[in-house]
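Listed here are the chains, written in short residue letters.
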Amino acid sequence: MEGFTDLVTGVACRGYIEVVRELNERFPDPEAIVTEKDKKDFSKLFGEYLRVENILQNYDEFAHLKAFQTIDKNDSEAIEAFKKAHFLTDENIAAMQEMEILPDRTVQDYRSTYNDIRDWLRRERSGKEAEESKIDWDDIIFEIDLLKSQEINLDYILELIFEHNKKNKDKAALIEEIRRVVRSSIGNRAKESLVVGFMNETDLDTIQDKASIIDSFLSYARGKQKTKAAELIAEENLNEEAAKRYITTSLKRKFASENGIELNALLPKMSPLNPQYLTKKQNVFQKLALFVEKFKGAGGKL
């Protein structure tokens, strides 16, 4: 591509414009996507969005286009400054103004809904509902690799909390904004309650810099990790020593596994022939897997 004219007329960008227009027209409110047909249609359409956006991200022009969305289009001085900063012409600006792109907040909501539908479908396929469904999902491929390629890490989210708290003292609004960011992330969405709990239980105004908020969160998370592990062990009547060993190993490798004898060793004494044994094992494993997803990366000891 040699410039914005090519960007606007390029195949990938035409596809982007069409997908954005269809998303805005058909799914302006992600929370209204409730029927199975809508879930499938949205998943297919947003998957197309992710693929075409992934192509466009290779071009500087697209990066400029996204940056252009942050300035006031009615502020001539701001536009002139933008042109100089990015070495653009009036024709470039005119071409950019023709293009409609999704705001970051909308993309976050769409990503969150896309992840929710993926999780929902996985649960449905493992239950009776899958047998009753009249919708064929076989042609839907969830673009997980593309989502992961755009992942934001936990440090960035915590720094975002620090920066936004300095500008806006409305904690409720800040929490809602951070919920949106966390839910849009595959790697961090399991930490939503942990991050929100930290924000609710911490005086953010006392935190002096970005490094301090990361340290403060890790200290908070480690305390919760120890408490929640003890509660889980007690609630499920697990072998404490074996359970702590299993959890520690799982946190280090960042996932829980059903393979090997480690999981069996932490279960309450029960004959494998007992009809309730497999149900108990699966229930415990699911809780441990969620625990690991929530606390992995926090460090600390049980």
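Structural data are supplied above this passage.
For clarity, every value in this text was computed on a predicted model and none was experimentally measured. (Residues numbered from 1 in each chain as written. Predicted model: local features only at pLDDT ≥ 70, side-chain atom pairs only at ≥ 80, totals over all residues. Heavy atoms only, no water.)

### Quick notes on the packing of helix α11 (residues 171–183) against helix α12 (residues 192–201)
Under the convention used in this document: Lines are fitted to the C-alpha atoms to define the axes, a helix being fitted only along its stretch in contact, and any angle between axes, read from their N-to-C directions, falls within 0 to 180 degrees. Put simply, DSSP marks the helices as runs of H or I at least four residues long and the strands as runs of E at least two long, and each gets a number from the N terminus on. For classification, angles of less than 35 degrees are called roughly parallel, those exceeding 145 degrees roughly antiparallel, those between 65 and 115 degrees roughly perpendicular, and all remaining angles oblique. Should the near helix be turned anticlockwise from the far one by less than a right angle, the crossing is left-handed, and should it be turned clockwise, the crossing is right-handed. In what follows, residue pairs with any heavy atoms lying within 4.5 Å of each other are defined as contacts. Residues are sorted three ways: Asp, Glu, Lys and Arg are charged, Ala, Val, Leu, Ile, Met, Phe, Trp, Tyr, Cys and Pro are nonpolar, and all the rest, Gly among them, are polar.
Interhelical geometry of α11 versus α12 gives an angle of 160° and a closest axis separation of 10 Å. Between α11 and α12, the interaxial angle falls into the category roughly antiparallel. Taken as a pair, α11 and α12 cross one another with a handedness that is right-handed. Mapping the contact onto sequence places K171, L174, I175, I178, R179, V182 and R183 in α11 and E192, V195, V196, M199 and N200 in α12. By residue class, the composition of the contact of α11 with α12 is 7 nonpolar, 1 polar and 4 charged.

### Focus: the pattern of salt bridges
As a reminder, the rule being used: In the sections that follow, a salt bridge refers to a side-chain nitrogen of Lys or Arg positioned within 4 Å of a carboxyl oxygen of Asp or Glu. Buried, partly exposed and exposed residues are distinguished by accessible area as a fraction of the type maximum, computed with a 1.4 Å probe on protein chains only: under 20%, between the cut-offs, and over 50%, respectively.
What the rule picks out here adds up to 25 salt bridges. The salt bridge partner of E163 is K210, with a shortest N-O separation of 3.2 Å. Here the residue E163 occupies a position in helix α10 (residues 154–167), and K210 occupies one in helix α13 (residues 210–235), the gap between them amounting to 47 residues. On the accessibility criterion, E163 (22% relative accessible area) is partly exposed. Looking at K210, the relative accessible area reads 34%, which means it is partly exposed. In this structure, the salt-bridge partner of E177 is R180, at a minimum N-O distance of 3.4 Å. Of the two residues, E177 and R180 both sit in helix α11, 3 residues apart, roughly one turn of that helix. Each member of the pair E177 and R180 is classed as buried. Through salt bridges with shared partners, one network takes in E22, R26, K37 and D41.

### Re the nonpolar core
Defined as follows: Side-chain atoms within 4.5 Å are what join buried Ala, Val, Leu, Ile, Met, Phe, Trp, Tyr and Cys residues into a set we call a nonpolar core.
Counting residues in hydrophobic clusters, the biggest one holds 45 residues, and the most contacted among them are I161, I178, F198, F217 and L266. For this core, the secondary structure elements donating two or more residues are α10, α11, α12, α13, α14 (240–253), α15 (262–266) and α16 (277–295). Among the elements that make up this core, the one with the highest residue count is α13 (9 residues). Apart from the residues within four sequence positions on either side, F198 is in contact with L158, L204, I207, I213, S216, F217 and Y220. Within the second largest apolar cluster, 39 residues are counted, among which are V19, F27, L102 and W137.

### Examining α14
What counts here: Helix span, expected: 1.5 Å multiplied by one less than the number of residues in the helix. The arc in question is the one traced by the directions running from the helix axis out to the C-beta atoms. For the purposes of these results, a polar contact is taken to be a pair of N or O atoms within 3.5 Å, where, inside protein, one atom must be able to donate a hydrogen and its partner to accept one; residues adjacent in sequence count only when each atom of the pair is a side-chain atom.
The first and last C-alpha atoms of α14 sit 20 Å apart over 14 residues, in line with the 20 Å expected at 1.5 Å per residue. All buried positions along α14 are accounted for by A242, A243, Y246, I247, S250 and L251. In a view along the axis of α14, the buried residues occupy a sector of 160°, so they form one face of it. Exposed side chains of α14 directed beyond 90 degrees from the buried face belong to E241 and K252. Taken together, the buried residues of α14 touch α13, α15 and α16. Its side-chain oxygen at 3.3 Å from the backbone nitrogen of E241, N239 defines the N-terminal cap of α14. Where α14 terminates, the next one or two residues include K254, which has phi positive at roughly 70°.

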